Amino acid sequence: LPSRKLGPGDVRWRRDHLKPMQLWVVDTIEFNTRQVGGYLMGLYAYDVKAGAERFFPMKAKTDVYDCLLRLTAMEGLHKRPYPVTVMSDNCGSMVHAERACLTHGLSYFPIPPNDPRMSMAESNVGDFKERSACMFYAAATEDGPLTSKHLVETVKYCCYLRDRHS
């Protein structure tokens, strides 16, 4: 299915006209902690209208396709009675996001990479990483039971708290 070309004046860009889950911004996040098999990374998704956050752990940047399919299935984005748009920067791994959107009837809108003025995901990533790190490092002790393996659960818990308290 072809994506719809959207412009800055489109009603779908005005937050007061948006419906929940209608506009998502996504970005990849890498955490500076070692994991078995490399650095921990994931796909961060932010719903512009509701302020909801989702995080999907990845082993490689090619997993963006599967992560976006999980987001689509979990939130029923492909079954909404209105068009849903996914925005992301144009970095290399986001070709997989575009392919997932086009395959499942979502609109895709690429934006310039690493520009926090254009992408709410880009500007939220720093805050999201800080919140996750604060929660994780407050609970972890040097010889305690929490290790970097628990970081994924901490990050998902941050998303849960944001949904419940915003």
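Only a predicted model underlies this, so the values are computations on that prediction, with no experimental measurement involved. (Residues numbered from 1 in each chain as written. Predicted model: local features only at pLDDT ≥ 70, side-chain atom pairs only at ≥ 80, totals over all residues. Heavy atoms only, no water.)

### Structural notes on the pattern of salt bridges
- Summed over the entire model, instances satisfying the criterion amount to four salt bridges.
- Across the salt bridge formed by Glu 53 and Arg 131, the nearest N and O atoms sit 2.7 Å from each other. With Glu 53 in strand E3 (residues 53–58) and Arg 131 in helix H3 (residues 120–139), this pair connects stretches of sequence that are 78 residues apart.
- Take Glu 53: its relative accessible area is 0%, and that puts it in the buried class.
- Across the pair Glu 53 and Arg 162 runs a salt bridge, and its minimum N-O distance is 3.5 Å. (Salt bridge = Lys/Arg side-chain N within 4 Å of Asp/Glu carboxyl O. Helix = DSSP H or I, 4+ residues; strand = E, 2+ residues; numbered from the N terminus. Buried < 20%, exposed > 50% of the residue type's maximum accessible area, 1.4 Å probe, protein only.)

### Overview of the pairing of strand E5 (residues 107–111)
- For E5, the tally of buried residues reaches four of five residues, placing the bulk of the element in the interior.
- Pairing analysis gives five bridges linking strand E4 (residues 85–89) to E5, with the strands arranged parallel. By the bridge assignment, Ser 88 is partnered in E5 with Pro 110.
- In this region the chain leaves E4, passes through helix H2 (residues 94–103) and returns to the parallel neighbour E5; the handedness of that crossover is right-handed. (Pairing = 2+ DSSP bridges. Right-handed = clockwise from strand over helix to strand, strands pointing away.)

### Topic: the nonpolar core
- Trp 24, Leu 43 and Leu 68 are the most contacted members of the largest nonpolar core, which has 23 residues in total.
- When contributions to this core are tallied by element, the ones reaching two or more residues are strand E1 (23–35), strand E2 (38–47), E3, helix H1 (64–75) and H2.
- Here this core takes five residues from H1, the largest share from any one element.
- With near-sequence residues (within four places) excluded, Leu 43 lies in contact with Val 26, Asp 27, Thr 28, Arg 54, Phe 55, Phe 56, Met 58, Val 64, Cys 67, Leu 68 and Met 94.
- Membership of the second largest hydrophobic core comes to 21 residues, among which are Val 25, Val 48, Phe 55 and Met 87. (Core = buried A, V, L, I, M, F, W, Y, C linked by side-chain atoms within 4.5 Å. Contact = heavy atoms within 4.5 Å.)

### Things to note about unusual backbone geometry
- Look at Met 21: it is not a glycine, yet its phi comes out positive at around 70°.
- With respect to the helices and strands, the residue Met 21 is situated in the segment before E1.
- For Met 21, a relative accessible area of 12% puts it in the buried group.

### Focus on the side chain of Thr 28
- As for its placement among the helices and strands, Thr 28 is situated in strand E1.
- Apart from residues no more than four positions distant in its own chain, Thr 28 is found in contact with Gly 42, Leu 43, Met 58, Lys 61, Val 64, Ser 93 and Met 94.

### A word on the packing of aromatic side chains
- Evaluation of the coordinates by the stated rule reveals three aromatic pairs.
- Judged by centre distance (6.3 Å) and plane angle (40°), the rings of Phe 55 and Phe 128 are tilted. Here Phe 55 is found in strand E3, whereas its partner Phe 128 is found in helix H3, with 73 residues between them in sequence.
- With a centroid separation of 6.0 Å and 20° between ring planes, the pair formed by Tyr 157 and Tyr 160 is classed as stacked. (Phe/Tyr/Trp six-rings, centres within 6.5 Å; stacked < 30°, edge-to-face > 60°.)

Without other data, these values stay purely geometric and don't point to any function.
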